[in-house]
Amino acid sequence: MPPVALESAATLSALFTAWPPAGPGRELRRARLLFAGSGPAAPADSWPPAWARAWGGRLRRWARDRQELTCLPVGGGVALLGASLLPLAAALVAVPLVRRWLAARREQGERERREAAVIELCGTVAGDLRAGRQPGQALAGVPAGDLGPQWAAVAAAARFGGDVPEALRAVAVCPGAEGLHGVAACWRVAVDGGAGLASGLERVAAALSAERDQREELRSQLAGARSTAVMLALLPVLALLMGSALGAAPLRVLLHTPAGLGCLLLGGLLESAGIAWTGRIVRAAAGEPDGRRAGERGRPGTSAAGGIS
């Protein structure tokens, strides 16, 4: 028998011996493993396709950045149920208010992340200094993280011998990064007077952590009051649902009769006043009666810096 025929027979016998018993597609994968040197295998088709995944990601990002627009379909649905344009107009008015509320929540989250980043910065730099690194090297090696692009100026000043305290104060103007005022004071004292920088940074981190823990504890104590206010605000919606279930048609009465329109206007005013009053009480209990004083109070690094100076 010719050598070519012998090689073909041996290949076929090995292939049939290693052939898997069942499973769709396993034969092809097994053959590709046996003849791996013949070339790259074509990837299997994925579902959904790449363009669908890309558009889905864009749509999710757009929906996440435009959450306030969910008021429009809700208002449109209520307008269809009540056969009136008033709910849709109310939804249009609510869009900027909800946008402002969502922006405030995002700013609060960014502020808390920056505060946590400052605490981590103090601990990291203090640990590097305890390990024997130079202050400039330790500060320049800290990643920016949640401190924003302004941190690049601080890293450059620490690496090339610039004015590090001034760069730290420039970053400290961002909400939540006020603790960097204490870091700048520690740096100034360590450079001018030769004091221990690691000990000062540890004191700043301890002060920031204590104030954050106190704020979290106070927030947990006020969670009950906040939930009660939300439940009271949702009671009118529950009353409308119960009236609709009983067949009283409350939307028709509220949107198509003079007495109902008057009750709707008065109830809306009282509801808004109650929500505003409850929010003011909660903010006053938290020590933040308004935005300006809250911003001034949120500078924990100032007291730490004063103590170190």
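Residues numbered from 1 in each chain as written. Predicted model: local features only at pLDDT ≥ 70, side-chain atom pairs only at ≥ 80, totals over all residues. Heavy atoms only, no water.

## Examining the packing of helix 11 (residues 223–245) against helix 13 (residues 258–285)
With their axes 10 Å apart at the nearest point, helix 11 and helix 13 run at an angle of 180° to one another. In terms of orientation, helix 11 lies roughly antiparallel with respect to helix 13. Facing helix 11, whose interface residues are Ala-225, Arg-226, Ala-229, Leu-232, Ala-233 and Pro-236, helix 13 presents Glu-271, Ile-275, Thr-278 and Val-282. (Axes fitted to C-alpha atoms, helices over the stretch in contact; angles between N-to-C directions. Helix = DSSP H or I, 4+ residues; strand = E, 2+ residues; numbered from the N terminus. Parallel < 35°, antiparallel > 145°, perpendicular 65-115°, else oblique. Contact = heavy atoms within 4.5 Å.)

## Focus on the pattern of salt bridges
Summed over all chains, the structure comprises six salt bridges. In this structure, Glu-115 and Arg-215 form a salt bridge, with 2.5 Å as the shortest nitrogen-oxygen distance. Taken together, the residues span a long stretch of sequence, with Glu-115 in helix 5 (residues 86–130) and Arg-215 in helix 10 (residues 197–221) at a distance of 100 residues. Of the two residues, Glu-115 and Arg-215, both sit in the buried class. Ionic pairing is found between Arg-188 and Asp-163, a salt bridge with its closest N-O pair at 3.7 Å. One end of the pair, Arg-188, is in helix 9 (residues 180–193); the other, Asp-163, is in the loop between helix 7 (151–160) and helix 8 (164–171), and 25 residues separate them in sequence. Several salt bridges converge on common partners, so that one network encompasses Glu-112, Glu-216 and Arg-219. (Salt bridge = Lys/Arg side-chain N within 4 Å of Asp/Glu carboxyl O. Buried < 20%, exposed > 50% of the residue type's maximum accessible area, 1.4 Å probe, protein only.)

## Describing the layout of surface pockets
Its volume calculated, the second largest pocket comes out at about 150 Å³. Around the second largest pocket, the lining residues are Arg-113, Ala-116, Ala-117, Glu-120, Leu-121, Thr-124, Val-142, Pro-143, Ala-144, Gly-145, Asp-146 and Leu-147. Classifying every residue of the lining of the second largest pocket gives seven nonpolar, two polar and three charged. (1 Å grid on protein atoms, 1.4 Å probe; cavity = no way out; pocket = protein on both sides within 12 Å on 5 of 7 lines; lining within 4 Å. Points joined across faces, edges and corners; volume = space filled by probe spheres on them. Nonpolar A, V, L, I, M, F, W, Y, C, P; charged D, E, K, R; others polar.)

## Details of unusual backbone geometry
Positive phi values are uncommon outside glycine, yet Ala-83 reaches one of about 55°. Tracing the backbone through its elements, the reader meets Ala-83 in the loop between helix 4 (71–82) and helix 5. Among the residues examined, Ala-83 registers a relative accessible area of 58% and is labelled exposed. Here the phi dihedral of Ala-249 falls at roughly 55°; this positive angle occurs in a residue that is not glycine. Tracing the chain through its elements places Ala-249 in the loop between helix 11 and helix 12 (250–256).

## Focus: the packing of helix 5 against helix 10
Interaxial distance between helix 5 and helix 10 falls to 9 Å at its minimum, and their mutual angle equals 150°. Judged by the inter-axis angle, helix 5 sits roughly antiparallel to helix 10. Crossing of helix 5 against helix 10: the hand is left-handed. In contact with Gln-108, Glu-112, Glu-115, Ala-116, Val-118, Ile-119, Cys-122, Val-125, Ala-126, Leu-129 and Arg-130 of helix 5, helix 10 contributes Leu-197, Ala-198, Ser-199, Leu-201, Glu-202, Val-204, Ala-205, Leu-208, Ser-209, Arg-212, Arg-215 and Arg-219. (Left-handed = near helix turned anticlockwise from the far one by under 90°.)

## Focus on the side chain of Ser-84
Within the fold, Ser-84 resides in the loop between helix 4 and helix 5. Looking at Ser-84, its side chain comes within polar contact range of the main-chain nitrogen of Leu-86, at 3.3 Å. Among residues more than four places away in sequence, those in contact with Ser-84 are Ala-79, Leu-255 and His-256. (Polar contact = N/O pair within 3.5 Å; in protein donor to acceptor, adjacent residues only side chain to side chain.)

## Structural notes on a nonpolar patch on the surface
Together, Val-230, Leu-234, Val-237 and Leu-241 make up an exposed nonpolar region whose accessible area comes to about 370 Å². Structurally, Leu-241 is set in helix 11. Taking relative accessible area as the criterion, Leu-241 reaches 57% and is therefore assigned exposed. (Patch = residues over 30% accessible without salt bridge, like charges linked within 9 Å, V, L, I, M, F, W, Y side chains within 5 Å. Areas by Shrake-Rupley, 256 points an atom, 1.4 Å probe, with all protein chains shown as cover.)

## Some details on helix 5
Between the first and last C-alpha of helix 5 there are 66 Å, a value that for 45 residues agrees with the 66 Å anticipated at 1.5 Å per step. Considering bend angle alone, the principal kink of helix 5 is centred on Ala-94 and spans about 30°; proline Pro-96 follows within four residues of it. Positive phi appears at Gly-132, one or two residues downstream of helix 5, with a value of about 110°. (Expected span 1.5 Å × (residues − 1). Bend = angle between axes of the 7 residues up to and from the residue.)

## Quick notes on the nonpolar core
By size, the foremost hydrophobic cluster in this structure holds 36 residues, and its most contacted members are Val-125, Leu-139, Trp-151, Leu-168, Leu-180 and Leu-201. Secondary structure elements with two or more residues in this core: helix 5, helix 6 (135–140), helix 7, helix 8, helix 9 and helix 10. When residues of this core are assigned to their parent elements, the largest contribution, eight residues, is made by helix 5. Sequence-distant contacts of Leu-180, that is, excluding residues within four places in its chain, are made with Val-118, Leu-121, Trp-151, Leu-168, Val-171 and Ala-172. (Core = buried A, V, L, I, M, F, W, Y, C linked by side-chain atoms within 4.5 Å.)

Note that all results are geometric; they support no functional claim without further evidence.
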